[in-house]
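# Report on the structure
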Amino acid sequence: MKYVLLFFLALLQVNGINAQSTNSLETGKQLYANGDFERAIEVLKQSANPEAFLYTGKSYFSIAEFVTASAFYRRAAASETNELKQEAMFSLALSEFQLKNHTNALEVLYELSQASPPTRAKESGRQFYADYVRFLTMADRFNVFKGTKYDQIRFDLIDASLGQIDYESARSLVDELKEVQTELSSFEINKLEEQLSDSLLYWQRYNPSRIYPAPDGISYHIGVALPQFDQNSPQYNIVQSIFFGIQLAVETFNEEHFNKKVFISYANTNIDQPQSALTDLVWNKRVDAVIGPLFSETGILFSEIAEEYEIPLVLPLANSDTLNLDKNYSFQINPTFRIQGERMAQFAVNNLGLDTLAVIAEAGALGAASARSFRFTAEQLGATVLYYFEEDFASLGYDITEFTQFLTTNPLDSLPMAQAVYAPFTGAISQTLISSLLTDLEGLQSSVIVLGSEEWETVDLSSRELLQTSGYYSKSFLEPDSNNVASQSFQSNYRVRFGAEPTSFSSIGFDAANLVLATLLDVQNPALLKDGLKRTVNLKGLSSTISFDGEHINQRVTILPLNRSVELPEVIEE
């Protein structure tokens, strides 16, 4: 009797455990369906049911924890229930695809194709497999070809590559496959041979730059590397605005593309070794691209690591002229001072038709790079730079009279006359130098055209006795146009999402994220992102137009007229 009682107690305990496991499974599935993935994971882990393993994997997948998701999918794939097993295999392939474990993923999909009976997961896997082999880059196909244990996968990789590789390479690959394969039928080999039977026809359809769509369900992962500040810091709002702009762009993308998803991972660069933040994003978060950092000094450190890991780095504000030297993976949205000088020279010569110019710049200041670039470009375009002064104005007490005396436009003076002066003053002393220059021009009654840097934005010529003087200045970023539909939508969505008014930095972050997202839509495969960014031409954003034009620095600079307290003409963009 004692043993019978113990048996029934044990049976009740097992039934209780099974009931608890079932309850955990159903509760977890409901939490997963509601999008509460973290709580779903906590509940589902209480169950040893293979279906619970599947949904635990799905929950981890939904928060971009792909390594852990794969581990649970493998446990679910051990199920003896065919439908559950096949769904787990398909999910495992998706997870391995996100981890860029292409050989593993394709082998799982191939094994799924051999499973029986037919299920919806098997059919989905068949379509995913077909899209997958076309989506891969040639380098990825090569690695899978060498690493897989299945001849059928090798065959499919070669079949997908024909037309994208040159004829001789295609011929060599087919010959190699014929030597090593043991499973393929003569029909399949003949299919490849037939496509190579006429070299002339092959070359006619040769297109190495062909881009195939990404498989449905692909996830992209963007790292955001920005400094973290205390809420009382004046820089806190700048960083927060940029991040909110990025976040809004990503959320909008996810809403508009049901078959793609973008994840964001944040890393703080305001640490002793900021480059470790990028290493963490690459190694642990497996990002496809990084937006940031904020400052040029940190950007220089990041550019070295981005080059090593071959991860595109999109810098929203950094404008150092040394950041992109010999760097293929760093892209600056903010035009450098060199670019600003170059574009202003092109505007002066090509748009204004000027051919005699003068330059005044402070030695050692950031504007000196603009001044040198202006002179070089203007002379390349056939203009003459009559006067070029790059001086240490601090040592002169910021008295620039000895240089401005050459800016006379009085025909009675014996000095050669310049039609315009380029004065790219920067830094804390810029307003003092601007005021001194304009005062001296008033004294000379000069009508020379003034060309300046962004520091000239607040100058109002109507308050000066310079009725015959006109002027223009360069600017990297503009305030969003309140009359623009896209800008109105951005501002409205930003207020609803974050309960705050967007700033100019919000639009800069939004534009930086949209640059990456638009390029991903164009190239589909993140491995092609670097080349896609480099090809960007005239991408219209809220705060700037972005054109890399084969370079790594935005080539577009906005040129605006100096204010005369009247309605301004339209923005002039070069």
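Presented here is a report on the structure given in the accompanying data block. (Residues numbered from 1 in each chain as written. Predicted model: local features only at pLDDT ≥ 70, side-chain atom pairs only at ≥ 80, totals over all residues. Heavy atoms only, no water.)

When helices and strands are counted, the chain shows 22 helices and 14 strands. Taking 2.2 N^0.38 as the reference for a compact globule, 574 residues should give roughly 25 Å; the C-alpha atoms of the chain span a radius of gyration of 31 Å, well beyond that estimate. Referenced to the eigenvectors of the C-alpha coordinate spread, the extents of the chain come out at roughly 120 × 70 × 40 Å. Looking at the chain as a whole, 51% of its 574 residues qualify as buried. Of the contacts made within the chain by residues no fewer than 6 positions apart, 63% connect residues no fewer than 24 positions apart. (Helix = DSSP H or I, 4+ residues; strand = E, 2+ residues; numbered from the N terminus. Rg over C-alpha atoms; globule rule 2.2 N^0.38 Å. Buried < 20%, exposed > 50% of the residue type's maximum accessible area, 1.4 Å probe, protein only. Contact = heavy atoms within 4.5 Å.)

Turning our eyes to something else, we now look at helix H3 (residues 50–62). Relative to the 18 Å expected for 13 residues at 1.5 Å per residue, H3 spans 19 Å between its end C-alpha atoms, a close match to the ideal helical length. Across the 13 residues that make up H3, a large majority, 11, are buried. Of all the residues in H3, the buried ones are Ala52, Phe53, Leu54, Tyr55, Thr56, Gly57, Lys58, Ser59, Tyr60, Phe61 and Ser62. Between the side-chain oxygen at the start of H3 and the backbone nitrogen of Glu51 there is a gap of 2.8 Å, and the oxygen is on Asn49. Of the residues flanking the end of H3, it is Ala64, one or two places downstream, whose phi is positive at about 65 degrees. (Expected span 1.5 Å × (residues − 1). Polar contact = N/O pair within 3.5 Å; in protein donor to acceptor, adjacent residues only side chain to side chain.)

Ordered by their spatial adjacency, 5 strands build an open sheet running S2-S1-S3-S4-S5, and the pairing between neighbours is parallel. On the outer flanks of this sheet lie strand S2 (260–268) and strand S5 (330–332), each paired with one strand and no other. When strand polarity is set aside, the average angle formed by the axes of neighbouring strands in this sheet is 25 degrees. Of the pairings in the sheet, the one linking strand S4 (residues 313–315) to S5 comprises 3 bridges and is parallel in character. Residue pairing across strands places Leu313 opposite Ser330, the latter belonging to S5. Packing of helix H13 (residues 236–256) onto the sheet brings it into contact with strand S1 (218–226), S2 and strand S3 (289–291), and relative to S2 it is tilted by some 165 degrees. Sheet strands in contact with helix H21 (residues 504–523) are S1, S2, S3 and S4, and its direction is about 160 degrees off that of S3. (Pairing = 2+ DSSP bridges. Axes fitted to C-alpha atoms, helices over the stretch in contact; angles between N-to-C directions.)

Attention shifts here to the packing of helix H6 (residues 102–113) against helix H9 (residues 151–161). Helix-helix packing is characterised by the crossing angle of the two axes and by the distance between the axes. One way to put it is that H6 packs onto H9 with a least axis distance of 10 Å and a crossing angle of 110 degrees. The orientation of H6 relative to H9 falls into the category roughly perpendicular. Viewed along their axes, H6 and H9 form a crossing whose handedness is right-handed. Across the interface between the two elements, Leu106, Glu107 and Tyr110 of H6 pack against Gln152, Ile153 and Leu157 of H9. (Parallel < 35°, antiparallel > 145°, perpendicular 65-115°, else oblique. Left-handed = near helix turned anticlockwise from the far one by under 90°.)

Neither face of strand S13 (residues 558–561) is left uncovered, since the one carrying Thr558 and Leu560 and the one carrying Ile559 and Pro561 both have all their residues buried. Note: strand S10 (residues 471–475) against S13, 4 bridges, orientation antiparallel. Along S13, the bridge assignment pairs Tyr472 with Pro561.

Turning next to the packing of helix H5 (residues 82–98) against helix H7 (residues 120–135). Axis separation between H5 and H7 bottoms out at 9 Å; the angle between their running directions is 20 degrees. Overall, the two elements H5 and H7 adopt an arrangement that is roughly parallel. The two elements H5 and H7 meet at a crossing, and its hand is left-handed. For the pair H5 and H7, contact is made by Gln86, Glu87, Phe90, Ala93, Leu94 and Phe97 and by Ala121, Lys122, Ser124, Gly125, Phe128, Tyr132 and Phe135, respectively. In the contact of H5 with H7, the residues fall into 8 nonpolar, 3 polar and 2 charged. (Nonpolar A, V, L, I, M, F, W, Y, C, P; charged D, E, K, R; others polar.)

Considering the arrangement of structural elements, one finds Ile339 in helix H16 (residues 337–351). Expressed as a C-alpha distance, the spacing of Ile339 and Phe142, which sit 197 residues apart in the sequence, is 40 Å. Not counting the four nearest positions on each side in its chain, Ile339 is found in contact with Ile553, Asn554, Gln555 and Val557.

Moving on to helix H20 (residues 485–498). Over its 14 residues, H20 extends 20 Å from the first C-alpha to the last, a length consistent with the 20 Å expected when each residue adds 1.5 Å. Regarding H20, the residues found buried are Ser487, Phe490, Gln491, Tyr494 and Phe498. Down the axis of H20, the smallest arc covering the buried residues is 95 degrees, so these residues share one side. H20 presents Val485 and Val496 as exposed residues on the side facing more than 90 degrees away from its buried surface. Turning to H20, the residues buried within the fold contact H13 and H21. Of the residues that open H20, the one with a side-chain oxygen 2.8 Å from the backbone nitrogen of Ala486 is Asn484. (Arc of directions from axis to C-beta.)

This brings us to the pattern of salt bridges. Scanning the entire structure with this criterion turns up 24 salt bridges. With a shortest N-O distance of 3.2 Å, Asp531 and Lys530 are connected by a salt bridge. Classification of Asp531 by relative accessible area gives partly exposed; the value is 37%. If you follow the salt bridges from partner to partner, you end up with Arg171, Asp175, Lys178 and Glu193 in one network. (Salt bridge = Lys/Arg side-chain N within 4 Å of Asp/Glu carboxyl O.)

With respect to the secondary-structure elements, Ala214 resides in the loop between helix H12 (199–204) and S1. Judged by relative accessible area, Ala214 falls into the buried class, the value being 7%. If we skip the residues at most four places from it in the chain, Ala214 touches Phe135, Tyr220 and Gln524.

Let us now look at the side chain of Ser446. As for its position among the elements, Ser446 is in the loop between helix H19 (430–444) and strand S9 (449–452). A distance of 2.7 Å separates a polar side-chain atom of Ser446 from the backbone oxygen of Leu407. What Ser446 contacts, discounting residues up to four positions off in sequence, is Leu407, Thr408, Thr409, Leu441, Leu466 and Thr469.

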